[in-house]
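Structural features, examined
Here is what each chain is made of, one letter per residue.
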Amino acid sequence: MIDSTRQQMETQVLNHYLPATAYRFMDIGTSQPYLMMGMLTNSGKTYTIRIDLAHFPESVPEVYVTKMLYTKQGTAMDSPSASMHTLSSKYGFTRICHYGSNSWSPRVSLYKIFIKCRLWVEIYELHLKTGRPMDYYLNHQS
Amino acid sequence: MDTSLHAPDAAELPIVYIDGEDLRRFLASGVTEQTGYSYSWEGEGVTHLHLHPLRHAFGSTGSVLFCRQAPAEVVADYAVEVAADGTARLLIAADDSWHEHPAMLIPAQSELFSRSKGILEVGALAGKRVMIVGLGSFGSQIAIELAKAGVGSFALMDFDRVELHNLMRHTCVANELGRLKTDAIADAILGKNPYAEVDRYPVNINRHPDLMLSEVERADIVICATDNNESRFNLSRTLVEAGKPGIFGRAVTRAEGGDVFIYRPGEACYSCLIGTGMFRQGEEEITDEASARRDGRIASYMSAADADAVVQVGLSADIEPICNMMVKLTLVELSRGLDTGIASLEDELVYNYYIWANRRERRHANWSAMPNAGAKPTIMRWYGAHIATDPSCTICGMGSLDLGAVDEDMALLQEIQALNASTLDDNTDDSTEQ
Ligand SMILES: [Zn+2]
């Protein structure tokens, strides 16, 4: 679970790249801490990302877009999909596949995960426009 | 202990063993009678007699009366008359009367390892405690080898049960299917060393950080024999925190080879190793689909057929050399500073990372064939390396986060954003995102 030293290091990095209003650590000190991060896509839409920190940094954190997303075809993105880079949803949120456990290291920063999520969201919007699977734009995270 | 007992020949079945330590305990207790337990392998004519119930049971159980003098009436299946000088006489109940029968002694603790005297001082390792996380094909073998070497105390961590798919490379046998691995391996350890102290923790260690820390602190060394990185990273952090040595071992795909890493406090930690190019996480042997799915090594969207192709189990004979190295490194660490027959290994096993190849495949494809390999790397030889401490390691160093490829990710993001800006919606009805 994330400890205070690690949280300070992460905060330093996040502050370097993002305004302080763009993220907030939640439920720190409980068994289910998480990080909420806001993002604005180029198209002007806002998304909130939830990164669960209960087993971070020892394992790949679970990351959610804090709502259920739908494909262009209208299917809820609530289950594992290789072509759409999603995993089984929780809390009613779409869970995104951002890092594979084989490439995971405890040194990976939350900011790096955030960038991967931004990439995912932008590609999701591309998918909504073209109908192409997200796979088409994004090689699998190994 | 000098006793009047003599070994029976085959005609004198049953063969009966009496716990020598229990004879002493009975005498020392001062009581005149105490009922104990007999254990028999059914149909084999072999029985063991103990004062206290065994933590590992086998076959059928009966009663034995430890006494100074057997009562006239038959009150138990067996009676052991213990004289003041420690000698014992065995009586077996049959046809409502006692019949004297020869018996042998289960050796007392001090005699159990007399055969390995001179190589490893028994007393030294009897006081050592090893924590083993993961009791699969690696952990089970290592546990039993360490028990054979005289390690006296164990903490066993694994929440799995013995199942068909993990039986072939495991020390457990078919009639142990369904047992908790902690129970089965505890029995195997006690079978080699009945005086060992074995604590069983059938839990997911990743969900019990307090237990992990307290057990690491109690242990003299920790064996990390799990197949998932979360527990390796968790253990690595705890080892650094507690200042305890730990050994990490694994096989790569189909056990074509493997590697062993040892953390010695003050030196590079497991996370430092991950940062080097020498360690290839993605090539790890996957032997258990359920476990690999749990921690994401097999993605949840992978079909059963695809997953089946990924799960490739190597030969037991191919993982044995890796287990063996882990055992040797453990024994060297445990006997450090003691005057033992393996002290010379301290000057040999000085590296913290060891690589082994069973076959010249994949990662080892460009290694030399064994004939005429000379100084070039070839199969079935250990190669050691020094992994240096990574000053920026977040676990053991000053700590800095990995932002290495953020620039690449940003560049890709900008590319996608540009593509997004220039891509027209092919459907004006943008109602799909809700
Ligand atoms: Zn380190």
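Residues numbered from 1 in each chain as written. Chains lettered and ligands numbered in written order. Predicted model: local features only at pLDDT ≥ 70, side-chain atom pairs only at ≥ 80, totals over all residues. Heavy atoms only, no water.

Attention shifts here to the overall build of chain A. When helices and strands are tallied, chain A shows 2 helices and 6 strands. Its helices and strands in sequence order give chain A the pattern α-β-β-β-β-β-β-α, from N to C terminus. Whereas a compact globule of 142 residues would reach a radius of gyration of roughly 14 Å, chain A reaches 15 Å, a difference of no more than 12%. Each principal axis of the C-alpha atoms in chain A carries an extent, and together these give about 45 × 30 × 25 Å. (Helix = DSSP H or I, 4+ residues; strand = E, 2+ residues; numbered from the N terminus. Rg over C-alpha atoms; globule rule 2.2 N^0.38 Å.)

Moving on, we come to the coordination of the zinc ion. All names here are of chain B. Binding of the zinc ion to the protein goes through Cys269 (SG), Cys272 (SG), Cys393 (SG) and Cys396 (SG), at separations of 2.3 Å. Around the zinc ion, the 4 donor atoms are arranged such that angles at the metal cover 94 to 123°; this shape is classified as tetrahedral. For the zinc ion, all donor residues lie on one chain, and their spacing in sequence is C-x2-C-x120-C-x2-C. Taking relative accessible area as the criterion, Cys269 reaches 0% and is therefore assigned buried. For Cys272, a relative accessible area of 2% corresponds to the buried category. (Donors = N, O, S within 2.8 Å, 3.2 Å for Na, K, Ca; no water. Tetrahedral: all angles 85-135°; square planar, octahedral: opposite > 155°, others 65-115°. Buried < 20%, exposed > 50% of the residue type's maximum accessible area, 1.4 Å probe, protein only.)

Residue and element names in this part refer to chain B. Read across the open sheet, the 8 strands follow the order β11-β10-β9-β12-β13-β14-β15-β16; overall the sheet is mixed. Either end of the sheet is taken by a strand with one partner, and the two such strands are β11 (197–201) and β16 (383–385). For this sheet the average axis-to-axis angle between neighbouring strands, irrespective of direction, equals 15°. Sheet analysis places strand β14 (residues 257–263) next to strand β15 (residues 353–357), joined by 5 bridges and oriented antiparallel. Paired with Gly258 across the two strands is Trp356, which belongs to β15. (Pairing = 2+ DSSP bridges. Axes fitted to C-alpha atoms, helices over the stretch in contact; angles between N-to-C directions.)

Residue Pro57 of chain A follows Phe56 of chain A across a cis peptide bond; omega there is 5°. Its location among the elements puts Pro57 of chain A in the loop between β3 (46–52) and β4 (63–65). Notably, Asn372 of chain B is not glycine yet its phi reads approximately 60°, a positive angle. Note on placement: Asn372 of chain B falls in the loop between β15 and β16.

All right, on to the packing of aromatic side chains then. Any pair of aromatic rings gets described here by the distance separating the centres and the angle formed by the planes. Residue and element names in this part refer to chain A. A complete count under the given rule lists 17 aromatic pairs over all chains for this structure. Above the ring of Tyr47, the side-chain terminus of Lys67 is found at 5.1 Å from the ring centroid. For Lys116, the ring lying beneath its charged end belongs to Tyr99, and the centroid distance is 5.1 Å. (Phe/Tyr/Trp six-rings, centres within 6.5 Å; stacked < 30°, edge-to-face > 60°. Lys NZ or Arg CZ within 6 Å of the ring centre and 35° of its normal.)

Before going further, it helps to examine the domain arrangement of chain B. All names here are of chain B. If you check the domain split of chain B, you get domain 1 (15–106) and domain 2 (114–385). Summing both partners gives a buried area of about 520 Å² for domain 1 against domain 2, and 46% of it is carried by carbon and sulfur. Inspection of the region where domain 1 meets domain 2 yields 0 salt bridges. Counting the contacts that link domain 1 with domain 2 gives 0 residue pairs in polar contact (both at pLDDT 80 or more). (Domains from an automatic or database assignment. Buried area = accessible area lost by both parts, 1.4 Å probe. Salt bridge = Lys/Arg side-chain N within 4 Å of Asp/Glu carboxyl O. Polar contact = N/O pair within 3.5 Å; in protein donor to acceptor, adjacent residues only side chain to side chain.)

Structurally, the position occupied by Arg250 of chain B is in strand β13 (residues 246–251). Within the local environment of Arg250 of chain B, its side chain forms a polar contact with the side chain of Asp259 of chain B, the two groups lying 2.8 Å apart.

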